[in-house]
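Observations on chain architecture
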Amino acid sequence: MSDELKCVSQGCNRDVTKYEKYDVNGFRFHTVTHQNGRANPKTVNTGVFTRGADDFDYYGRLESVYELTFNQTNIQLNLVVFKCHWFDPRGGQRTDKKIGLVEVMPSTTYSGADVFIVAHQAKQVYYLPYPCKTKANLRGWEVVFQVSPHGNLPTPSEDDYNNIDPVTYEGIFYQEQEDFGDFELEPVDLEDLRDDVETRGVNVVDEREISMLDKFHEENEVPDELPPVEEPQIYYSRDSDTDNENENEESDDEW
């Protein structure tokens, strides 16, 4: 038997530490009592989700956080557990697998006696009630939304690493967990790409559709060269009211 198992088998101390909020797995959880005591809260951190040993998904709200201490042997172990109000996973839960929608009915209660989970088994969710209260199939149901853990950041680039001073940096460094191996990109012929672009589209094989398309193109076809526009011929005549006196005298001689 391992030393850790011997320590746990002796039981925990009767004195435990209680928390109103606790950070684990990148989430910050609040108990229902602490949440209700916050003035104008902008977030709700009481929603808890875990996968049960019976492969059921359990949704609920966090009621209490306890830290247990095991030190009856030569070593000491500390274990944090969550006490939760769990909704009924059968009558108080429904799932639409086509769109991935999960709904719960918070008014239901899990009938089992085991309401504790280890803190590291918890994931955070929040519940959004339907604004429509008139439809019977929506009344009392709330939609489940998964919360993304803090620190789930995108893969940093080389510039991000170059701008970090490891001496003063207080964050968490990202470490790639998967090795995808080495690969090379095959060269692409530009002529092939051009041919591929020109041949994309839907093939029309129906003669009636082809005839209709031909007529459509004929009606909307713009000629390459526009016909020349004939300029109108302009004839000028002298007006005695607008010509000067000398011109009028010359015109009189001519006439």
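Every value quoted in this text rests on a predicted model; they were computed, and no experiment measured them. All chains use their own residue numbering, which begins from 1 and follows the written sequence. Whole-chain, interface and lining totals are the exception, using all residues; otherwise, since this is a predicted model, local features are given only for residues with pLDDT of at least 70 and side-chain atom pairs are given and counted only at 80 or more. Based on all heavy atoms of the structure, the side-chain values leave hydrogens and waters out of the count.

This part takes up the side chain of Gln 35. Comment: elements are numbered from the N terminus, with helices defined as DSSP H or I runs of at least four residues and strands as E runs of at least two. Counting through the fold element by element, Gln 35 comes out in helix H2 (residues 32-36). Residue Gln 35 is classed as buried on the basis of its relative accessible area of 8%. Ignoring any residue separated from it by four or fewer positions in sequence, one finds Gln 35 in contact with His 30, Pro 41, Thr 43, Val 44, Asn 45 and Thr 46. Each residue is placed in one exposure class: buried if its accessible area under a 1.4 Å probe, protein chains only, is under 20% of its type's maximum, exposed if it is over 50%, and partly exposed if it falls in between. The criterion used for residue contact is that any of the two residues' heavy atoms lie within 4.5 Å.

Take the side chain of Thr 50 next. Note that Thr 50 resides in strand S4 (residues 47-51). By relative accessible area, which is 9% here, Thr 50 ends up buried. For Thr 50, the residues in contact, after removing those within four places along its chain, are Phe 56, Asp 57, Tyr 58, Trp 86, Ile 117 and Gln 121.

This paragraph deals with the packing of aromatic side chains. Only Phe, Tyr and Trp rings take part, Trp by its six-membered ring, and two of them pair if their centres are within 6.5 Å. Stacked means planes under 30 degrees apart, edge-to-face means over 60, and tilted covers everything else. Summed over all chains, the structure comprises 9 aromatic pairs. Their ring planes at 65° and their centres at 6.0 Å tell us that Phe 27 and Phe 29 sit as a pair that is edge-to-face. What makes Phe 27 buried here is its relative accessible area of 6%. Taking the relative accessible area as the measure of exposure, Phe 29 reaches 0% and is therefore buried. One aromatic cluster is present, built from ring pairs that chain together Tyr 19, Tyr 22, Phe 27, Phe 29 and Phe 82. It is Arg 94 that lies over the ring of Trp 141; its NZ or CZ is 4.1 Å from the centre. A ring is scored as having a charge over it whenever the NZ atom of a lysine or the CZ atom of an arginine sits within 6 Å of its centre and within 35 degrees of its normal.

What follows is about the pattern of salt bridges. A side-chain nitrogen of Lys or Arg and a carboxyl oxygen of Asp or Glu constitute a salt bridge if their distance falls within 4 Å. Summed over the entire model, instances satisfying the criterion amount to 4 salt bridges. Linking Asp 57 and Arg 51 is a salt bridge whose minimum nitrogen-to-oxygen distance equals 2.3 Å. The exposure class assigned to Arg 51 is exposed, which follows from its relative accessible area of 51%. We note a salt bridge from Glu 142 to Arg 61, for which the minimum N-O separation is 3.7 Å. Taken together, the residues span a long stretch of sequence, with Glu 142 in strand S11 (residues 142-146) and Arg 61 in strand S5 (residues 57-70) at a distance of 81 residues. What makes Arg 61 partly exposed here is its relative accessible area of 25%.

Turning to unusual backbone geometry, a few remarks are in order. Look at Asn 40: it is not a glycine, yet its phi comes out positive at around 50°. Along the chain, the position of Asn 40 falls in the loop between H2 and S4. Of note, Asp 55 is a non-glycine position whose phi angle comes to about 70°, a positive value. Its place among the elements puts Asp 55 in the loop between S4 and S5. The exposure class assigned to Asp 55 is exposed, which follows from its relative accessible area of 62%.

In this structure, Phe 29, Val 48, Leu 62, Phe 82 and Trp 86 are the most contacted members of the largest nonpolar core, which totals 15 residues. At the level of secondary structure, the elements contributing two or more residues to this core comprise strand S3 (27-30), S5 and strand S6 (77-86). In terms of residue count, the dominant contributor to this core is S6 (4 residues). By convention a nonpolar core is built from buried Ala, Val, Leu, Ile, Met, Phe, Trp, Tyr and Cys residues, the set being connected through side-chain atoms within 4.5 Å.

All quantities given are derived from atomic positions and should not be read as evidence of function.
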